[in-house]
Amino acid sequence: LDTGLAFRHPLLRSAAVNAASSAERRRCHLLLAEALAGRSLPLAAAWHRAEASVGADPALAEALVRLADDNRSKAGYAAASAALERAALLAGDTTRSAELLAGAAEDALLAGDVARTRSLAPRVLDGSTDPPSRGRALVVSGVLELTTGSVPRAAEMLASAVEVADGAALGHALSELAMARFRLGDMAGVAACAARFVEVSTQLDAYQRLLASFTQAFAVAVGGDAGASSRLLAAVV
């Protein structure tokens, strides 16, 4: 805050934080929030207000969502994930909380934080019956399993995601399931994914339609029709 005050060593800073009581830490966060708000830094102030909060605060949760959006382009996906996880605790609504936790898991996956992703996604699956949020968490779990664990298990998760996901998560699930089935040698399964993706792509955004076309071209290629696949890929380009 440009006050000229600083700890002589990072260990002294850590010691001061650890020695403080919960009430003292919350008071410090409130003071920081006030200072940052006075410096026209409302998003940074929102984080400190959240750290000082002890109950549900939906408005503050939505401020943290805006902080997460800002973080993705500045501080990165790990910071965005942290903001969404904190927002989920403040949301005061189980459905909204599940949505935010699913977003936190997606950002953790993009940040490459395997341990954090493995922690966040099950919290959605264990604590929510909201189909879209469960679909997003299953996609995250399936992609993580596909890249770091068992391909058959990944295919099971992604197939489950296809049953409950919607929007962009459904497209993501279908494209990743096609890759999983390819790695398992299930070419009919690859073709089925591509067909379903093309079928639903008219309801999705431009990027998802492009991904559907690529998945279709991939399915045609593994099916043995190189010429048709080349034409489809040319259209994608």
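What you see is a predicted model, and the numbers here were worked out from it, not measured in a lab. (Residues numbered from 1 in each chain as written. Predicted model: local features only at pLDDT ≥ 70, side-chain atom pairs only at ≥ 80, totals over all residues. Heavy atoms only, no water.)

**A few points about the overall build of the chain**
Definition in use: Under the scheme used here, helices are H or I runs from DSSP no shorter than 4 residues and strands are E runs no shorter than 2 residues, and both carry numbers assigned from the N terminus. All radius of gyration figures rest on C-alpha atoms, and the globule criterion is 2.2 Å times the number of residues raised to 0.38. Burial classification: accessible surface area is computed with a 1.4 Å probe over protein chains only, and a residue below 20% of its type maximum counts as buried, one above 50% as exposed, and the rest as partly exposed. Positive residues here are Lys and Arg, negative ones are Asp and Glu, while His and the chain termini are left out of the count. For charged residues, the charge sits on one atom: NZ in Lys, CZ in Arg, CG in Asp, CD in Glu.
Along the backbone of the chain there are 13 helices and zero strands. The N-to-C order of helical and strand elements in the chain reads α-α-α-α-α-α-α-α-α-α-α-α-α. Relative to a compact globule of 237 residues, whose C-alpha radius of gyration would be 18 Å, the chain shows 22 Å and is clearly more extended. C-alpha atoms of the chain, sized along the principal axes, occupy 70 × 35 × 35 Å. Buried positions account for 39% of the 237 residues belonging to the chain. Between the averaged position of the 23 positive side-chain charges in the chain and that of its 25 negative side-chain charges there is a distance of 6 Å.

**Observations regarding the nonpolar core**
Just so we agree on the cut-off: Here, the term nonpolar core denotes a set of buried Ala, Val, Leu, Ile, Met, Phe, Trp, Tyr and Cys residues that are joined through side-chain atoms within 4.5 Å.
Of all hydrophobic cores here, the largest spans 28 residues; its most connected members are V162, L170, L174, L177, A180, F197 and V200. Contributing elements (two or more residues each) for this core: α8 (131-148), α9 (151-164), α10 (167-183), α11 (187-201) and α12 (206-222). Counting 27 residues, the second largest nonpolar core, distinct from the first, contains A80, A83, A104 and A105.

**Points about the packing of aromatic side chains**
Test applied: Side-chain rings of Phe, Tyr and Trp (the six-membered ring for Trp) are treated as a pair once their centres are within 6.5 Å; stacked means planes under 30 degrees apart, edge-to-face means over 60, and tilted covers the remaining angles.
Overall, the coordinates contain one aromatic pair when judged by the stated rule. Their ring planes at 75 degrees and their centres at 5.1 Å tell us that F182 and F218 sit as a pair that is edge-to-face. Remark: F218 occurs in helix α12 and F182 occurs in helix α10; sequence separation between them is 36 residues. Judged by its relative accessible area of 35%, F182 is partly exposed.

**A short note on the environment of A37**
Here A37 lies in helix α2 (residues 22-38). Along the sequence, A37 and R183 sit 146 residues apart, while their C-alpha atoms lie 52 Å from each other.

**Things to note about the pattern of salt bridges**
This is how the line gets drawn: Think of a salt bridge as a Lys or Arg side-chain nitrogen and an Asp or Glu carboxyl oxygen that are within 4 Å of each other.
Taken as a whole, this structure holds ten salt bridges when the rule is applied. Among the salt bridges present, the one from R72 reaches D107, with a minimum N-O distance of 2.9 Å. One end of the pair, R72, is in helix α4 (residues 58-73); the other, D107, is in helix α6 (residues 94-110), and 35 residues separate them in sequence. With a relative accessible area of 4%, D107 lands in the buried category. Here the salt bridges share partners, and the residues they tie into one network are E62, R96 and E99.

**Topic: helix α5 (residues 77-90)**
The line we're drawing: Given the number of residues in a helix, its expected span is that number minus one, multiplied by 1.5 Å.
In this model α5 runs 20 Å from its N-terminal to its C-terminal C-alpha over 14 residues, within 8% of the 20 Å that 1.5 Å per residue would give. Here α5 has its buried residues at A80, S81, A83, L84, E85, R86, A87, A88 and L90. One or two steps after α5, the chain reaches G92, where phi turns positive at roughly 75 degrees.

**Describing the side chain of R86**
Put simply, the rule is: Here a residue-residue contact requires only that any non-hydrogen atoms of the pair lie within 4.5 Å.
Looking at the secondary structure, you find R86 in helix α5. Of the residues examined, R86 reaches a relative accessible area of 15% and is grouped as buried. When near neighbours in sequence (up to four residues on either side) are disregarded, R86 contacts W47, A50, E51, S53 and L64.

**Thoughts on the packing of α5 against helix α7 (residues 114-127)**
Rules: Under this scheme, a helix contributes an axis fitted over its contacting stretch, all axes are lines through C-alpha atoms, and angles between N-to-C directions fall in the 0 to 180 degree range. For classification purposes, angles smaller than 35 degrees are called roughly parallel, those larger than 145 roughly antiparallel, those between 65 and 115 roughly perpendicular, and all remaining angles oblique. Two helices crossing with the near one rotated counterclockwise from the far one by less than a right angle form a left-handed crossing, whereas a clockwise rotation gives a right-handed crossing. The residue classification treats Ala, Val, Leu, Ile, Met, Phe, Trp, Tyr, Cys and Pro as nonpolar and Asp, Glu, Lys and Arg as charged. All others, Gly included, are polar.
With their axes 13 Å apart at the nearest point, α5 and α7 run at an angle of 30 degrees to one another. Taken together, α5 and α7 sit at an angle that is classed as roughly parallel. Like other packed secondary-structure pairs, α5 and α7 cross with a definite hand, here left-handed. Here S81, A82, E85 and L89 of α5 lie close against α7, whose contacting residues are R116, L120 and R123. Classifying every residue of the contact of α5 with α7 gives three nonpolar, one polar and three charged.

**A closer look at the confidence of the model for the chain**
Worth spelling out the cut-off: The predictor's confidence in any single residue is recorded as pLDDT, a number from 0 to 100.
Here the chain shows a mean pLDDT of 90. Residues at 70 or above account for 97%. Helix α3 (residues 42-52) is the least confidently modelled element of the chain, averaging 76 in pLDDT, while α9 averages 97, the highest of any element.

**Thoughts on the environment of A102**
Tracing the backbone through its elements, the reader meets A102 in helix α6. If sequence neighbours within four positions are ignored, A102 has contacts with V124, S133 and R136.

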